[in-house]
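# Coordinates in review
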Amino acid sequence: MSTRVATLPVGTYTDPGQTGLQLRVLAKQGDKFSRTWLLRFKFKGEETRIVLGHIPATTLDAARGLAREHREQAARGIDPRRARPRRIERPTAIAGSATPSNIDLRHTVGFLAAEFMDRHIKATRKRPEYVEKILENDVLPHWAQRDARTIKPREVIELLDAVVERGSKVMANRVAGVLSQMFRYGVHRALVDTSPVQLLFRPGGKEKPRERTLSDAELTAYLANPRACTRFERLEHVILVLLLTGQRRGELALARWADIDFKAKTWTIPAEHSKNGRRHVVPLTAWAMDEFKELRGMADQSRWVLPSPVPTAPTDARQLTRSLAKCRARFKKRGIEPFTLHDLRRTCRTGLGKLKIQPHIAERVVNHSQQKMVATYDTGEYLDEKRAALDKWARHMRSLRDAKKA
């Protein structure tokens, strides 16, 4: 048969050298023919046929190898239709194949991802949507219907390489981390036997920590006319609140007016909104209080400090980032290089250090996690010390603002 496959006329031929392997020859336009390798097999009592490849791309020896591999998978309870990479020609069900209702989905990557999200990520992370987005954008479009037990280490590398090649090196590292966790969870739940994530290095390379802070000259330029730098009135006050308090963008996006005590001059960030899972009380300077009062006037009776267009919901923190990006040219015109909202937090923390605030107080101002021993035995709020530190930072900011006016 090996010497005749390229010349066989129209018809379906069975390979005597490999059980279930068939060659189907169909006439096309003119004198052309299509020659397709098929595998006929039974899976859970249902007979089906799948496409293995086409001549000349798939040789007889290659077709026999694929046929043996798929029959072995079927014998182990793995559906061959869900055990092949999507970038390779997907096995196509032919007449008489099992219907989707007959296919066992419990070993697909899609099922593993759903279990991973529902039983692990949503139970252990405050913001599970980040992991869910990674899976939806970079994993499931390629592997949702694949049998998770058949994913090879090389396929993991190729998937991550594709993320790097589109220019998303940091995201490649994040996808690698999620994949590693998900397959280890699969081993724990006996959905897979081993993990195909066997990486020695981060696919996106070593990440350099961001060091961007706004200089005093840049702060002076912004404080001289915040409105001129921002296209959006609310963004002006958001930037000032983050600069004056050193808190996170996401924590402000989720802040409720019930968290702001105008009498005590504090902003309480509940544990469920805090990155480290600990309640944090932020003392508010007179300047910060003024900024919150401006935001309250814009909130239009919403319970949220920064309501979304639907007043019953808070704004999406990513929307704040997008708003800032739209103002980049305005900042650049005033000598302020591109920055992120998180850079404002770093600017505040760096500024506290330059003002000789004791490190353990400065770290508590921005609610950084303490060493385990310290966190266990030192649970004080240090409210007075934090207030003094932020007052000193506000005075420095005010001096920059007033110096420009002078």
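Residues numbered from 1 in each chain as written. Predicted model: local features only at pLDDT ≥ 70, side-chain atom pairs only at ≥ 80, totals over all residues. Heavy atoms only, no water.

### As for the packing of helix H8 (residues 233-245) against helix H10 (residues 286-298)
Each packed pair of helices is defined by two parameters, the angle between the axes and the distance between the axes. What counts is decided by this rule: Interaxial angle, 0 to 180 degrees, is taken between N-to-C directions of lines fitted to C-alpha atoms, where a helix line uses only the stretch in contact. Helix and strand assignments follow DSSP, with helices taken as H or I runs no shorter than four residues and strands as E runs no shorter than two, numbered in order from the N terminus. By definition in this entry, angles of less than 35 degrees are roughly parallel, angles greater than 145 are roughly antiparallel, angles of 65 to 115 are roughly perpendicular, and the rest are oblique. Less than a right angle of anticlockwise turn of the near helix away from the far helix marks a crossing as left-handed, whereas a clockwise turn marks it as right-handed. Contacts: residue pairs with any heavy atoms within 4.5 Å of one another. Classification used: nonpolar for Ala, Val, Leu, Ile, Met, Phe, Trp, Tyr, Cys and Pro, charged for Asp, Glu, Lys and Arg, polar for all others including Gly.
Between H8 and H10, the least distance of the axes is 9 Å, while the angle of their chain directions is 150 degrees. Taken together, the axes of H8 and H10 are roughly antiparallel relative to one another. In the packing of H8 onto H10, the handedness of the crossing is left-handed. Judged by residue contacts, Glu-233, Arg-234, His-237, Leu-240, Val-241, Leu-244 and Thr-245 of H8 engage Trp-287, Ala-288, Glu-291, Phe-292, Glu-294, Leu-295 and Met-298 from H10. Classifying every residue of the contact of H8 with H10 by side-chain character gives 8 nonpolar, 2 polar and 4 charged.

### Brief notes about the sheet that holds strand E1 (residues 11-14)
Quick reminder of the rule: A pair of strands is treated as paired once DSSP finds two or more bridges between them.
The strand order across the open sheet built from 4 strands is E1-E2-E3-E4, with neighbouring strands paired in antiparallel fashion. Lying at the two open borders of the sheet, with one neighbouring strand each, are E1 and strand E4 (46-54). Adjacent strand axes in the sheet meet at a mean angle of 30 degrees when their direction is disregarded. Two elements, strand E3 (residues 33-43) and E4, share 8 bridges in a ladder whose sense is antiparallel.

### Structural notes on the pattern of salt bridges
What counts here: Each reported salt bridge corresponds to a side-chain nitrogen of Lys or Arg within 4 Å of a carboxyl oxygen of Asp or Glu. Exposed residues in this analysis have more than 50% of their type's maximum accessible area, buried residues have under 20%, and partly exposed residues fall in between, with area computed by a 1.4 Å probe over protein chains only.
If you walk through the whole model with that rule in mind, you get 19 salt bridges. In this structure, Arg-227 engages Glu-236 in a salt bridge whose closest nitrogen and oxygen atoms are separated by 2.5 Å. For Arg-227, a relative accessible area of 43% gives the class partly exposed. For Glu-236, a relative accessible area of 10% puts it in the buried group. A salt bridge links Asp-316 to Arg-318, with the nearest nitrogen and oxygen atoms 2.8 Å apart. By relative accessible area, which is 32% here, Asp-316 ends up partly exposed.

### So, the packing of aromatic side chains
Note the cut-off: Between rings of Phe, Tyr and Trp, where Trp is taken as its six-membered ring, a pair exists when centres lie within 6.5 Å; planes separated by under 30 degrees are stacked, by over 60 edge-to-face, and by other angles tilted. By definition here, charges over rings are those cases where NZ of Lys or CZ of Arg is within 6 Å of the ring centre and within 35 degrees of the ring normal.
Within this structure, the stated rule accounts for 6 aromatic pairs. Between Phe-116 and Tyr-185 the ring centres are 5.9 Å apart and the planes differ by 55 degrees, which places this aromatic pair in the tilted class. Here the residue Phe-116 occupies a position in helix H2 (residues 109-124), and Tyr-185 occupies one in helix H5 (residues 169-188), the gap between them amounting to 69 residues. For Phe-116, a relative accessible area of 0% corresponds to the buried category. The class for Tyr-185 is buried, based on a relative accessible area of 9%. By way of ring pairs, the aromatic residues Trp-257, Phe-262, Trp-267 and Phe-292 are connected into one cluster. One residue, Arg-296, lies across the ring of Phe-262, its end atom 4.2 Å from the ring centre.

### Regarding the side chain of Thr-266
Inspection of the secondary structure assignment puts Thr-266 in strand E6 (residues 266-269). By relative accessible area, which is 9% here, Thr-266 ends up buried. Setting aside chain neighbours within four positions, we find Thr-266 in contact with Asp-259, Ile-260, Asp-261, Val-281, Val-282, Pro-283, Leu-284 and Arg-387.

### With respect to helix H1 (residues 60-75)
Note the following rule: The span expected for a helix works out to 1.5 Å for each residue beyond the first. Of all possible arcs, the one meant is that of the directions from the helix axis to the C-beta atoms.
Helix length check: H1 (16 residues) gives 23 Å between terminal C-alpha atoms against 22 Å at 1.5 Å per residue, within 8%. Within H1, the full set of buried residues consists of Leu-60, Ala-63, Ala-67, His-70, Gln-73 and Ala-74. Burial along H1 is one-sided: seen end-on, the buried residues are contained in an arc of 145 degrees. Along H1, the residues that are exposed and aim more than 90 degrees away from the buried face are Asp-61 and Ala-75.

### Digging into the pairing of E3
Here 7 bridges tie strand E2 (residues 21-27) to E3, and the two strands are oriented antiparallel to one another. From the neighbouring strand, Gln-22 faces E3, where its bridge partner is Leu-38. Hairpin connection from E3 to E4: 2 residues lie between these consecutive antiparallel strands, with Lys-44 at a positive phi of about 55 degrees.

### Observations regarding the packing of H8 against helix H13 (residues 341-354)
As a packed pair, H8 and H13 sit with axes 7 Å apart at the nearest point and diverge in direction by 30 degrees. The two elements H8 and H13 meet at a crossing, and its hand is right-handed. Contacts between H8 and H13 pair Ile-239, Leu-242, Leu-243 and Thr-245 from the former with Leu-341, Leu-344, Thr-347 and Cys-348 from the latter. Here the contact of H8 with H13 is built from residues that sort into 6 nonpolar, 2 polar and no charged.

### A short note on the nonpolar core
Basically, it comes down to this: In these notes, a set of buried Ala, Val, Leu, Ile, Met, Phe, Trp, Tyr and Cys residues joined through side-chain atoms within 4.5 Å is what counts as a nonpolar core.
One finds Ile-239, Leu-252, Trp-267, Phe-292, Val-305 and Phe-331 to be the most contacted residues of the largest nonpolar core, which totals 54 residues. Here this core takes 8 residues from H8, the largest share from any one element. Apart from the residues lying within four places of it in its own chain, the contact partners of Ile-239 are Tyr-222, Thr-230, Leu-324, Phe-331, Leu-341 and Leu-344. Listed in part, the 26 residues of the second largest apolar core include Ile-121, Phe-183, Leu-191 and Val-192.

### Here we look at unusual backbone geometry
Positive phi, normally seen in glycine, also occurs at Ala-190, with a value near 60 degrees. Relative to the helices and strands, Ala-190 is located in the loop between H5 and helix H6 (216-224). A relative accessible area of 59% places Ala-190 in the exposed class. Not every positive phi belongs to a glycine, and Lys-265 is a case in point at roughly 60 degrees. Relative to the helices and strands, Lys-265 is located in the loop between strand E5 (260-261) and E6.

### Things to note about a positive patch on the surface
Heads up, the condition is: Surface patches are drawn from residues lacking salt bridges whose relative accessible area is over 30%; two like charges belong together within 9 Å, two nonpolar side chains (Val, Leu, Ile, Met, Phe, Trp, Tyr) within 5 Å. The Shrake-Rupley method, run with a 1.4 Å probe sphere, supplies the accessible areas, and residue values consider only the shown protein chains as cover. Only four residue types enter the tally: Lys and Arg on the positive side, Asp and Glu on the negative side, with His and both chain ends excluded. Charge coordinates come from a single atom per side chain, which is NZ of Lys, CZ of Arg, CG of Asp or CD of Glu.
Together, Lys-133, Arg-231, Arg-322, Lys-326, Arg-330, Lys-333 and Arg-334 make up a positively charged patch on the protein surface. Its location among the elements puts Lys-333 in helix H12 (residues 328-333). According to the relative accessible area criterion, Lys-333 is exposed, its value standing at 71%.

None of the figures reported here should be taken as evidence of function without further support.
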